[in-house]
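Remarks on the overall topology
The primary structure of each chain is shown beneath.
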Amino acid sequence: MSPPQIHSDNNSPGEGKDYIEFLSRFFENMGAWSFDNRWWVVGFCVVSFLLSGFLGSPFRVDISFEAFFDRDDPTYGAYLKYRDDFGSDEVSYLVYRAPDDVHGPWDIEVMQKIAKLTEALEDEVPFVSEVTSLTNVEFMEGVPDGIDIYDLLDDFPETQEELLVIRNKVMRKPTYIGGLINQDADIGAVIIEMELSSTDPPEALRVDPELGDRLDNVYPQVSYYAIEKILERPEYEGIEFFHAGDVPLNSTYNIILLERELPLIMSLSIIIIGLLLAIIFRRVVGVAGPLLVVMFAVAASVAVIGINGWSIDFMFGLLPTLIIAVGVADSVHILAEFDVAYAKLGDRREALKKTLYLVGPPCLLTSLTTAAGFLSLSISPVKTVAHLAVYSAVGVLAAFIGSVTILSACLSFGSRTPEGSSRELEPGAAERKLAKRKGSPRLRAMLLSVARFDIKYRNAILVVSAVIFIAAGFGIGKLTVDSNFLTEFSEKVPIRQVTAYVDEAMGGTTGVVYLFDTGEADGILDPAVLREIERVQDLAIAHGDVVKKTYSIVDILKDLNMSFHEGDPAYYVLPESRELIAQYMLIYESSGGEETEEYVSGDFSRASLEIRCKLAETSRYAALVEKIDAHLEANPLQGSTVSLTGVGALWIKFVEYITWSQIRGVLIAFSVICVMMCFIFRSFKIGLLSMVPNIAPVVLCIGGMGWLGIHLDYMRLLIAPIAIGIAVDDTIHLITRFHREFLRCGKYEEALYAAMEDVGRALFVTSAILIAGFLINCISTMDSQVSFGALLSMTIFVALIADFFLMPAMVLALKPFGPERD
């Protein structure tokens, strides 16, 4: 056995003039070698598949927020520093109401149930740091000899009247309004603070290390399930609960995407694409071959994840659909060409050689350009996106290798000659059989009609395309980049309605944190520093369209001051002197007060200001931050430095990273693919011309989004570089065949008819399969997945239209292959 050798053929058109012919000869010999050594090929593929499985076996699942950021990222580093001082800022926010009781949350029986619920949550929910409700919240009250600090209902009232007296006391305390009870006193809340965060490493999120990374064994799902199970108990009947916050939101996202929909979407993609292949090719190898290629490519991608010590993360969910679509596309071109060659040549070995001679180079080029499109994402500072870029690119290249090895080996088995070829056929039978192999008469007629239309209306096509491009350009100018985690869920998912209700009724389900650092012990007790914190806090509260509630050491000191003055609201202000502040804090701590631990560091050198916001577009958080930053720039802090942190700040930075990295990624993908095309064809004119129909669908897609008011979020921003990499595939196949046919006949119009008839069917089929593959995402209950699948499918459809009409019109008008020959 020896590897395939390149041999020359002086009679072949274009030999020595470009790299396409060189590659064609290489793949032609590979086809012969694969046929002659089919079992070696099969053995190589089996060993490669097993090796990929072995290398990929160390992978782990990481659904934490840490998967998005490197630990040396400045924003992430600031968040970790904040965590060291103040712990996790993630919560479950349990809002409740009792509509059938006159006093609502203040009904004595309801309050007794909430007391039991608070204890159950503290005792039974994994990873809980603290549970706060109206039954156990820290309450300050002035007494003759100082101040009394106690859990609000530690001495539970015996009558409804006693409880209503307590209600009146609570409603005079601004600290509790909007956090534990609403202004109308008819909606209450339980705040479940977590000791972990989604940014923690995967090993810290497990309840039972032996069960690994099962969703029901890791935070936040394990905490979410425990809370929901407790709320279902019959002893809480009559209370209506609304479970919102970080824990249920993140859990629902993970459960839907990773547990329910990823397996479903993968399975349906395989079934639908398998059915399409069965309808088109009507034999086992036409279905099994491409699916084996896809399995090989996915295994290679997982191997890359394992080798690099990466994790299966959120973005991995995109891989199967991408690989299925791209891997099947190469296989379709090989299968379609083999059918024609086998019917025409009457010999399986020669048909395989001819097939790889014709489609080997364009399949290689399409794989390289698609891989380049994915790799353009590798510059992203977001880890999950950068990792997706690498293992997707490897998967694409593995799909190509599988197509020219696994599929070739599959096609080598069977009768050496077509059935009936040894018998004398009736006149015209061979021609009819060949025509059948080229596709249905209607499809062939349609493709030839497209070619005639291109020839007759080439100038009109170019003018209309230019007008559409200009209109799309105006649409791009209207485009905005934004993201709202809540709207990733469809309105059919309960968590979306629950979160919206909680955000309107109470104190916000997400937020950002400002960290004030004085650089010295007890620096936070300086009245000037406290006034600076209050200034920023008041500025945030004024941003009422998104900010719902704020918490800081300032609130505790104001409450202390008011409590020392018999609860007079006029004294809900900061104490004026440092000495008085120090005295208040000493009395507070000696009386058993503990709430300051959540807002100041142990040495009182740093303090946090937690700004609770309703879940909205990141642009609204960014506007809040910009407003505060502008104020601080005009009125600088004197006694401390301030930095932005918290999970909300990470989301702002995440969207910023995605935006700029995808813009750079598109430019890099376009540039790299363009250079590759110019190099392969050894012509700047052909290379640049081939890029127009590939950038067109992306421009039209995002331009249409601009006109329709659809903003770009972190999922939709992935469309452009991916679409460029995929859309260029059809262009390469068509322009390569167009170029080859022109070298053969010397006439542009004749070459177009031949190219369209030969590869048009495969282009149509692969585009249909790609569209079907991506449209599967539309069954998702995640709107982000639905829009991603729909927009990418639309982009691929527009790419096919551009390849069938715009690219031929440009070639006919510009004549990039050279002058015609007589």
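What counts and what doesn't
Residues numbered from 1 in each chain as written. Predicted model: local features only at pLDDT ≥ 70, side-chain atom pairs only at ≥ 80, totals over all residues. Heavy atoms only, no water. Phe/Tyr/Trp six-rings, centres within 6.5 Å; stacked < 30°, edge-to-face > 60°. Helix = DSSP H or I, 4+ residues; strand = E, 2+ residues; numbered from the N terminus. Buried < 20%, exposed > 50% of the residue type's maximum accessible area, 1.4 Å probe, protein only. 1 Å grid on protein atoms, 1.4 Å probe; cavity = no way out; pocket = protein on both sides within 12 Å on 5 of 7 lines; lining within 4 Å. Points joined across faces, edges and corners; volume = space filled by probe spheres on them. Nonpolar A, V, L, I, M, F, W, Y, C, P; charged D, E, K, R; others polar. Pairing = 2+ DSSP bridges. Axes fitted to C-alpha atoms, helices over the stretch in contact; angles between N-to-C directions. Parallel < 35°, antiparallel > 145°, perpendicular 65-115°, else oblique. Contact = heavy atoms within 4.5 Å. Disulfide = S-S within 2.5 Å. Polar contact = N/O pair within 3.5 Å; in protein donor to acceptor, adjacent residues only side chain to side chain. Salt bridge = Lys/Arg side-chain N within 4 Å of Asp/Glu carboxyl O.

Right, let's talk about the packing of aromatic side chains for a bit. Here a ring pair, both rings aromatic, is described through the centre-centre distance and the interplanar angle of the planes. The final tally for this structure, using the stated rule, is 23 aromatic pairs. Pairing Phe27 with Phe400 gives two aromatic rings, centres 5.9 Å apart and planes at 90°, and the pair type is edge-to-face. With Phe27 in helix 1 (residues 19-36) and Phe400 in helix 11 (residues 383-412), the pair connects residues that are 373 residues apart, well separated along the chain. This pair shows no difference in class: Phe27 is buried, exactly as Phe400 is. Here the aromatic rings of Tyr79 and Tyr82 are separated by 6.1 Å at their centres, their planes lie at 40°, and the arrangement is tilted. Taken together, the residues Tyr79 and Tyr82, both in helix 3 (residues 74-86) and 3 residues apart, mark about one turn of the helix. For the residue pair Tyr79 and Tyr82, the accessibility class agrees, reading buried in each case.

Quick look at the layout of surface pockets now. Estimated volume of the largest pocket: approximately 760 Å³. Considering the residues around the largest pocket, the lining is formed by 35 residues, among which Glu193, Tyr551, Glu595, Glu598 and Tyr599 are closest to the centre. Those elements giving two or more residues to the lining of the largest pocket turn out to be helix 3, strand 2 (91-97), strand 3 (128-132), strand 4 (138-143), strand 6 (188-194), helix 17 (553-563) and strand 11 (606-613). Class assignment of the residues belonging to the lining of the largest pocket gives a composition of 14 nonpolar, 10 polar and 11 charged.

Counting buried residues in strand 2 gives 6 out of 7 residues, a clear majority hidden from the surface. Pairing analysis gives 6 bridges linking strand 2 to strand 6, with the strands arranged antiparallel. Along strand 6, the bridge assignment pairs Tyr96 with Gly188. Note: strand 2 against strand 7 (residues 240-245), 6 bridges, orientation antiparallel. Pairing of Tyr93 across the sheet is with Ala244, part of strand 7.

Once that is clear, we can look at the packing of helix 6 (residues 221-231) against helix 7 (residues 246-281). The description of two helices packed together rests on the angle between their axes and the distance between the axes. Contact geometry for helix 6 and helix 7: axes closest at 9 Å, N-to-C directions at 110°. If you check the angle between helix 6 and helix 7, you find them roughly perpendicular. Residues Gln221, Ser223, Tyr224 and Tyr225 of helix 6 touch helix 7, and the partners they reach there are Val247, Pro248, Asn250, Ser251, Thr252, Asn254, Ile255 and Glu259. Looking at the contact of helix 6 with helix 7 residue by residue, the classes come out as 5 nonpolar, 6 polar and 1 charged.

Right, let's get into the environment of Ile533. Its place among the elements puts Ile533 in helix 16 (residues 527-541). Expressed as a C-alpha distance, the spacing of Ile533 and Arg740, which sit 207 residues apart in the sequence, is 72 Å. Setting aside residues up to four positions removed in sequence, Ile533 forms contacts with Phe516, Ser552, Ile553, Val554, Ala607 and Leu609.

For the rest of this paragraph, the subject is the state of the cysteines. A full pass over the atoms with the stated rule returns 0 disulfides. The closest cysteine sulfur to the non-disulfide-bonded Cys701 is located on Cys778, 13 Å from its own sulfur. Given a relative accessible area of 2%, Cys701 falls into the buried group.

Another point: the side chain of Thr736. You can see Thr736 is positioned in helix 22 (residues 719-745). A polar contact of 2.5 Å, which involves the side chain of Thr736, links it to the backbone oxygen of Ile732. Not counting residues within four places of it along the chain, the set of residues in contact with Thr736 comprises Ile20, Pro362, Phe681 and Thr731.

Glancing now at the pattern of salt bridges. Charged atoms that come close allow side chains of opposite charge to pair. Enumeration according to the criterion identifies 25 salt bridges in this entry. A salt bridge links Asp216 to Arg214; the shortest N-O distance between them is 2.9 Å. A salt bridge links Arg737 to Glu337, with the shortest nitrogen-to-oxygen separation between them at 3.1 Å. Here Arg737 is found in helix 22, whereas its partner Glu337 is found in helix 9 (residues 319-345), with 400 residues between them in sequence. With a relative accessible area of 11%, Glu337 lands in the buried category. One salt-bridge network, held together by shared partners, links Glu21, Arg25, Glu28 and Arg740.

Another aspect to go through is the sheet that holds strand 9 (residues 510-517). Strand order in the open sheet made by the 4 strands is 10-11-9-12, with antiparallel pairing throughout. The sheet terminates laterally at strand 10 (547-551) and strand 12 (641-645), the two strands that pair on one side only. Strand-to-strand, the axes of this sheet are offset by a mean angle of 20°, without reference to chain direction. Alignment of strand 10 against strand 11, held across 4 bridges, turns out to be antiparallel. By the bridge assignment, Val547 is partnered in strand 11 with Cys613.

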